[in-house]
Every structure is written in structure tokens, then in C-alpha cells.
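# Notes for the structure review
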Amino acid sequence: MRLLLVEDEKKVSDLVARALRAERYAVDVAEDGPQGWGLAESYSYDLIILDLMLPGFSGTELLKRIRRKNQEVPILVLTARDATEEKVHNFEAGADDYLTKPFAFAELLMRVKALLRRGPVARSSVLRVADLEVDRLTQQVRRAGRRIDLTPKEYALLEYLAANPGRVLSRTMIIEHVWDQSFEGLTNIVDVYVRHLRAKVDDPFPVKLIRTVRGVGYGLNDEPAP
Ligand code: CA
């Protein structure tokens, strides 16, 4: 396993690199954005550990550059910042995990191992069914390129349908996935939400995607009927 560590604080990078090598990983170390990019571009790494505050250009910029070229390599971001907004931003840019400094080495190692166990990530966050696009990361929905605004429950229902194109999902299955175990309402809540979804996702468009199978449940057509 070959790892790339991009970290400008020499004390941290020495310590982390030494400890990772003791675990028999091969570790390349870069000290700034451009050097990290040079290595990431040249070699095929099994994992990249990336500090956010770097000279040259930032870890976030480096993360974006790497992701434009390589969707699959797992990336663990190290940072002194623990603002939620920053984390969200970096997850959206393609980070797989996050560790806030100062961290215990044992935790870093655990996360590195967990990411390596998962292996290369199939990263497309977008579910596509016909001309419908559901982005699981940003939770944005588009149909024929047009943005559709949904409530959180409408979104969750559509995401579940879109993750199972062509399948008919029963009301019980839908409730189990979209609501939770504490939900004790009537199963016709599903019908109500499907109606809301249809109004937004199907009604404005000539081709209808949401299918009702009487007595069974609902599904999304992956091959829309004309
Ligand atoms: Ca730094």
C-alpha cells in the first residue's frame, strides 16, 4: 500500500510518516500544494492524507484538483479547523474522511485502515433515472436540467425511488426507509407524499416517471413510457 501525506508541519509529517511506515505502508511526503499535486499526478496512491492549510495552494484546492483526475482514491483530510461548514465544503469537494488536529495517532491509523479496507471508492453521488438527476451529496434534484425544490421528506422518498429504478417498492418498504421506526402513522402518508412528488417531478413534464402499481406500491420508470 502506497500512501501520500501532504503536510507542511514537519513535526507532524515526520511523526505520521514514521508511524505509518512502522505499519508497513510506503509513504511519500509532500510539504506544499504544488509538490502534493506533482506526486498525486505522477503516482497511483492507495490513500492520500491531506492537510488543509498548506503553502502554495490550499489542501482544498489540491483536493479538487485530485478529484478532477481521480475519483477513486480515498482521501483523508487533516485540519486544525473544525467548523462544520468547512467540513461540509471539503466533503462536497470529495474528501472521504476528516480528522481535526490535534488527533491521537491511534485514531488516524484506525481511519486510514478503515478507508483502505473500503478500497477505491465508486464516487458518483448522482442517481440518474431517465432525465431525472438526484445528487445524494448536495441533495439537489434536477429534471431535464431544471432544478426542483423538494422538502426533506419528499427528497428522501424520491432518493429511495431513484436508487431502485424499475423496481416496485411497497408502502411498508418506503415507510421503513424514508420514515423511521418511531413512525406510527398510517401507510397512506406514502400516498400523500407521492402526490406531492408527482406535482413537482412529473406534472410539469410530458413524460411521467412515477409509477403506481395498484395494491403493491410505487416505483420510478427507468424507461419512461411515451
Ligand atoms: Ca498546515
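## A word on the overall build of the chain
The helix and strand tally for the chain stands at 8 helices and 12 strands. For the chain, whose C-alpha radius of gyration is 22 Å, the value lies well above the compact-globule estimate of 17 Å for 226 residues. Seen through its C-alpha atoms, the chain measures out along the principal axes to roughly 65 × 35 × 30 Å. Counting the 226 residues in the chain, one finds 44% classified as buried. Long-range pairs, those at least 24 residues apart, make up 55% of the contacts in the chain between residues at least 6 apart in sequence.

## Side note on the sheet that holds strand E2 (residues 26–30)
In a beta sheet, neighbouring strands are held together by backbone hydrogen bonds and run either parallel or antiparallel to one another. Taken in spatial order, the 5 strands line up as E2-E1-E3-E4-E5 in an open sheet, and their pairing is parallel. Each edge of the open sheet carries a strand with a single partner, namely E2 and strand E5 (97–100). Strand-to-strand twist across the sheet, computed as the mean angle between neighbouring axes with direction ignored, equals 20°. Note that strand E1 (residues 2–6) and strand E3 (residues 47–51) share 4 bridges and pair parallel. Each residue of the ladder has a partner; that of Val6, found in E3, is Leu50. Relative to the sheet, helix H2 (residues 33–42) contacts E1, E2 and E3, its axis offset from that of E2 by approximately 140°.

## Observations concerning the environment of Gly94
Within the fold, Gly94 resides in the loop between helix H4 (84–93) and E5. For Gly94, a relative accessible area of 8% translates into the label buried. Sequence-wise, Gly94 and Arg67 are 27 residues apart; in three dimensions their C-alpha atoms are separated by 6.5 Å.

## Structural notes on the nonpolar core
Grouped together as the largest cluster of nonpolar side chains are 28 residues, with contacts concentrated most on Leu158, Ile174 and Leu220. For this core, the elements supplying multiple residues, two or more each, are strand E6 (126–129), strand E7 (132–135), helix H6 (152–162), helix H7 (171–178), helix H8 (188–202) and strand E12 (217–220). It is H6 that contributes the most residues to this core, 6 residues altogether. With near-sequence residues (within four places) excluded, Leu220 lies in contact with Val129, Leu132, Leu158, Leu161, Ala162, Pro165, Gly166, Arg167, Leu209 and Ile210.

## Describing the coordination of the calcium ion
In ideal tetrahedral geometry, four donors around a metal make angles of 109.5 degrees, whereas ideal octahedral geometry with six donors gives angles of 90 or 180 degrees. Looking at the metal site, the calcium ion is ligated by Asp8 (OD), Asp51 (OD) and Met53 (O), spaced 2.0 to 2.3 Å from it. Residue Asp8 is classed as partly exposed on the basis of its relative accessible area, which comes to 31%. The partly exposed category is assigned to Met53, whose relative accessible area is 48%.

## Regarding the domain arrangement of the chain
Segmenting the chain into domains produces domain 1 (2–118) and domain 2 (126–225). For domain 1 and domain 2, the distance between their C-alpha centroids amounts to 37 Å.

## Things to note about the packing of aromatic side chains
The full count for this structure, using the stated rule, is 2 aromatic pairs. Judged by centre distance (6.2 Å) and plane angle (70°), the ring pair of Tyr43 and Tyr45 falls under edge-to-face. Here Tyr45 falls in the buried class, since its relative accessible area comes to 6%. Considering the side-chain rings of Trp179 and Tyr193, the 5.3 Å spacing of their centres and the 70° angle between planes classify their relative orientation as edge-to-face. With Trp179 in the loop between H7 and H8 and Tyr193 in helix H8, this residue pair connects regions lying 14 residues apart in the sequence. Pair check on accessibility: Trp179 and Tyr193 agree, each one buried. Here the guanidinium or amino end of Arg2 rests over the ring plane of Tyr43, the centre of that ring lying 4.2 Å away. A cation over a ring is seen here: Arg65 above Phe57, with NZ or CZ 4.0 Å from the ring centre.

Cut-offs applied
Residues numbered from 1 in each chain as written. Predicted model: local features only at pLDDT ≥ 70, side-chain atom pairs only at ≥ 80, totals over all residues. Heavy atoms only, no water. Helix = DSSP H or I, 4+ residues; strand = E, 2+ residues; numbered from the N terminus. Rg over C-alpha atoms; globule rule 2.2 N^0.38 Å. Buried < 20%, exposed > 50% of the residue type's maximum accessible area, 1.4 Å probe, protein only. Contact = heavy atoms within 4.5 Å. Pairing = 2+ DSSP bridges. Axes fitted to C-alpha atoms, helices over the stretch in contact; angles between N-to-C directions. Core = buried A, V, L, I, M, F, W, Y, C linked by side-chain atoms within 4.5 Å. Donors = N, O, S within 2.8 Å, 3.2 Å for Na, K, Ca; no water. Domains from an automatic or database assignment. Phe/Tyr/Trp six-rings, centres within 6.5 Å; stacked < 30°, edge-to-face > 60°. Lys NZ or Arg CZ within 6 Å of the ring centre and 35° of its normal.

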